[in-house]
Amino acid sequence: MVKIPLMKHYYKAVVIGSSAGGINALIKVLSVLPADFPLPIVIVQHLHPEGGNHLPSILGAKSALKIKQADEKESIEKGWVYLAPPSYHLLIEEDFTFSLSLEAAVNYSRPSIDVLFESAVYAYHQHLIGIILTGANHDGSQGLKKIKEMGGFTIVQDPKTAEADAMPTAAISNTQVDKILPLQEIGIYLLQLVNRTTL
Amino acid sequence: MQDDIDIQHIELQLLLQAIYLKYGYDFRNYAKASIRRRVDHFMKKENLTGFAEMQSRVLYEVDFFERLLLELSVNVTEMFRDPSFYRSFSQKVVPYLKTQPFLKIWHAGCASGEEVYSIAILLKEAGLYNKTQIYATDMNQVILNQAKEGIYPINRLKLYTENYQKAGGKESFSDYYMAHYDHVVMNKSLKENILFSDHNLATDGVFGEMHVIFCRNVLIYFNRDLQNRALGLFNDSLINRGVLCLGSKESIRFSTYSNTFVDIDRDEKIYGKNTSHEALL
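Residues numbered from 1 in each chain as written. Chains lettered and ligands numbered in written order. Predicted model: local features only at pLDDT ≥ 70, side-chain atom pairs only at ≥ 80, totals over all residues.

Draft legend 1. Expanded view of the overall build of chain B. Regarding its fold elements, chain B presents 12 helices and 10 strands. Principal-axis analysis of the C-alpha atoms places the extent of chain B at approximately 60 × 50 × 30 Å. The burial tally for chain B puts 40% of its 281 residues in the buried class. Partitioning the intrachain contacts of chain B with sequence separation of at least 6 by distance along the chain shows that 77% fall at a separation of at least 24. (Helix = DSSP H or I, 4+ residues; strand = E, 2+ residues; numbered from the N terminus. Buried ≥ 20, exposed ≤ 12 C-beta atoms within 10 Å, placed from the backbone. Contact = placed C-beta atoms within 7 Å.)

Right, dumping it as structure tokens:
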């Protein structure tokens, strides 16, 4: 059994950032979660600008959750996994809707994990779980730090289990993260964390 | 920390209110998350100590405000962005435009002009340019001047040429510009029927009757209310059976004007006012 720390508060959303090797890692995490997982999950996976439109169906085939590309102004609902559209930054507004932006790349990335995470902190405050998975750059480490500073929960994939270790390594060195876990344990840990702390 | 976020929220509102009262630019109904990012980015770039300095310099230094204004409007664009959109426009809208005696086209939020020149090229190749007046508008005068000049860095041209070809371009793209060292200048003949002018979708009104309106990747920066305002202007400006073209992730479907517009190409976000694709043919 994974040991769960005692939580003072509950969570309203999960944000995940992944890059090189991320599709396999996302499948590992999402395939563990049941259809009635009580929180919305919002994901930035770095992709080639023209290559990303099939990702919802690739992940959907391996998950019990409903998965779609996020639309601008769409309301964020539990039971759904939302993916950033290729080439757009994905942001969360304070009224829990999405907005998109074509601003310049951040960390050479659009969508950028930092952009999603930082906006999610403004919307969800401490009621947020942030996860950084495999990747070959440093995107996400600023955003994860903000989640932690606000009192949210932070999880990073153990770099030893990552296809590309630069991104989880950068996240760990930038933030005193709550949990560093091997890839195969992240989904089950998330499930237990959320079941324990969701109202 | 919760307190900090509440205070930052108030500060942003105050700043946008100050900008509106002093300069008339209304960002109050922009989507908050991305405008906050751009304000934060600007404050870092200018090495500001905090909100108090930001507010006072915005109010007292016009130069400072003009730099901020450039940062607040997103001007990232390219020629023939989304080539499949231009292909669809050529196939589904151009045949109808050929039946019109003259054309008025509004390009709203044209930024540095790349997409206006793309449309000009498309219209030229369709034989429509000579009977067309294009109104290219943006709220930012600095950016609008760049659009008018039509000078672009040469390192972008590889992408633009590929986009042009994918969009169904018939000629050699290099015929449309002159190269000078590290930049290119768009041909004068493309500019003849383009009028560049100042227009703000948040505060200005209708200025003419249009056959086609392009407003691509502008509405994504607005909140619902401001989106409805802009779409209302487009609705009032378009002739019956006029055509509205939005960006590939934008939609009229959840707006007040959903029922007025029919899909001409749902995926490419091309809409007809009170008309269908079939009726246009």
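Next comes the rest of the account.
Draft legend 2. Just the overall build of chain A, in detail. In terms of regular secondary structure, chain A is built from six helices and nine strands. Here chain A has a C-alpha radius of gyration of 15 Å; the compact-globule value for 199 residues is 16 Å, and the two agree. In terms of principal-axis extent, the alpha carbons of chain A reach across some 40 × 35 × 35 Å. Classification of the 199 residues of chain A by burial places 55% in the buried group. Here the contacts in chain A between residues at least 6 apart in sequence split such that 71% fall between residues at least 24 apart. (Rg over C-alpha atoms; globule rule 2.2 N^0.38 Å.)

Draft legend 3. Spatial organisation of the sheet that holds strand E5 (residues 183-186) of chain B. Residues and elements named next belong to chain B. Pairing is antiparallel in the open sheet, where three strands are placed in the order E3-E5-E4. A strand with exactly one partner marks an edge of an open sheet, and here the two such strands are strand E3 (151-153) and strand E4 (177-180). The mean angle between the axes of side-by-side strands here comes to 30°, regardless of whether they run parallel or antiparallel. Relative to E5, E3 runs antiparallel, the two sharing three bridges. Residue pairing for E5: isoleucine 151 is matched across the bridge by valine 185. (Pairing = 2+ DSSP bridges. Axes fitted to C-alpha atoms, helices over the stretch in contact; angles between N-to-C directions.)

Draft legend 4. Looking closely at helix H5 (residues 166-174) of chain A. Turning to H5 of chain A, its buried residues number three or more, namely Met167, Pro168, Ala170, Ala171 and Ile172 of chain A. On the buried face of H5 of chain A, the contacting elements are strand E7 (128-132), helix H4 (141-150), strand E8 (153-157) and strand E9 (179-181) of chain A.

Draft legend 5. Expanded view of the interface of chain B and chain A. Counting residues at the interface gives 17 residues for chain B and 21 residues for chain A. Those elements giving two or more residues to the side of chain B that touches chain A turn out to be helix H1 (2-23) and helix H2 (32-45) of chain B. Residue contributions to the side of chain B that touches chain A peak at four residues, all from H2 of chain B. Looking at the side of chain B that touches chain A, its residues break down into nine nonpolar, three polar and five charged. (Nonpolar A, V, L, I, M, F, W, Y, C, P; charged D, E, K, R; others polar.)

Draft legend 6. Representation of the packing of helix H3 (residues 113-124) of chain A against H4 of chain A within the structure. Residues and elements named next belong to chain A. The geometry of H3 relative to H4 is characterised by a closest axis approach of 7 Å and an angle of 20° between their N-to-C directions. Between H3 and H4, the angle is such that the two are roughly parallel. Viewed along their axes, H3 and H4 form a crossing whose handedness is left-handed. Counted together, Ile113, Asp114, Leu116, Phe117, Glu118 and Val121 of H3 and Gln142, Gly143, Leu144, Lys146, Ile147 and Met150 of H4 form the full contact between these two elements. (Parallel < 35°, antiparallel > 145°, perpendicular 65-115°, else oblique. Left-handed = near helix turned anticlockwise from the far one by under 90°.)

Draft legend 7. Focus on the sheet that holds strand E1 (residues 103-108) of chain B. All names here are of chain B. Read across the sheet, seven strands follow the order E6-E2-E1-E7-E8-E10-E9 without closing on themselves; strand pairing throughout is mixed. Looking at which strands have only one partner, the edges of the open sheet turn out to be strand E6 (194-198) and strand E9 (261-265). Here the average twist between neighbouring strands, direction ignored, is 20°. Where E1 lies against strand E2 (residues 132-138), six bridges are found, and the strand directions are parallel. Each bridged residue has a counterpart across the sheet, and for isoleucine 105 the counterpart in E2 is isoleucine 134. Sitting on the sheet, helix H7 (residues 114-125) is in contact with E1, E2, E6 and strand E7 (210-215), with an inclination near 170° to E2.

Draft legend 8. Region of the structure containing the environment of isoleucine 213 of chain B. Considering the arrangement of structural elements, one finds isoleucine 213 of chain B in strand E7. Separated by 33 residues in sequence, isoleucine 213 of chain B and leucine 246 of chain B have C-alpha atoms that sit 8.6 Å apart.

Draft legend 9. Structural detail: the nonpolar core. Counting residues in hydrophobic clusters, the biggest one holds 136 residues, and the most contacted among them are Ala13, Ile43, Leu116 and Ala120 of chain A together with Ala120 and Ile213 of chain B. It is H3 of chain A that contributes the most residues to this core, nine residues altogether. (Core = buried A, V, L, I, M, F, W, Y, C linked by C-beta atoms within 7 Å.)

Draft legend 10. Expanded view of unusual backbone geometry. The linkage connecting arginine 110 of chain A with the following residue, proline 111 of chain A, adopts the cis geometry, with an omega of 5°. In this fold, proline 111 of chain A is placed in the loop between strand E6 (98-101) and H3. Look at tyrosine 108 of chain A: it is not a glycine, yet its phi comes out positive at around 60°. Of note, tyrosine 108 of chain A is situated in the loop between E6 and H3. Note on tyrosine 108 of chain A: 10 C-beta atoms within 10 Å, which makes it exposed. For tyrosine 181 of chain B, which is not a glycine, the phi torsion comes out positive at approximately 50°. Here tyrosine 181 of chain B is to be found in the loop between E4 and E5.

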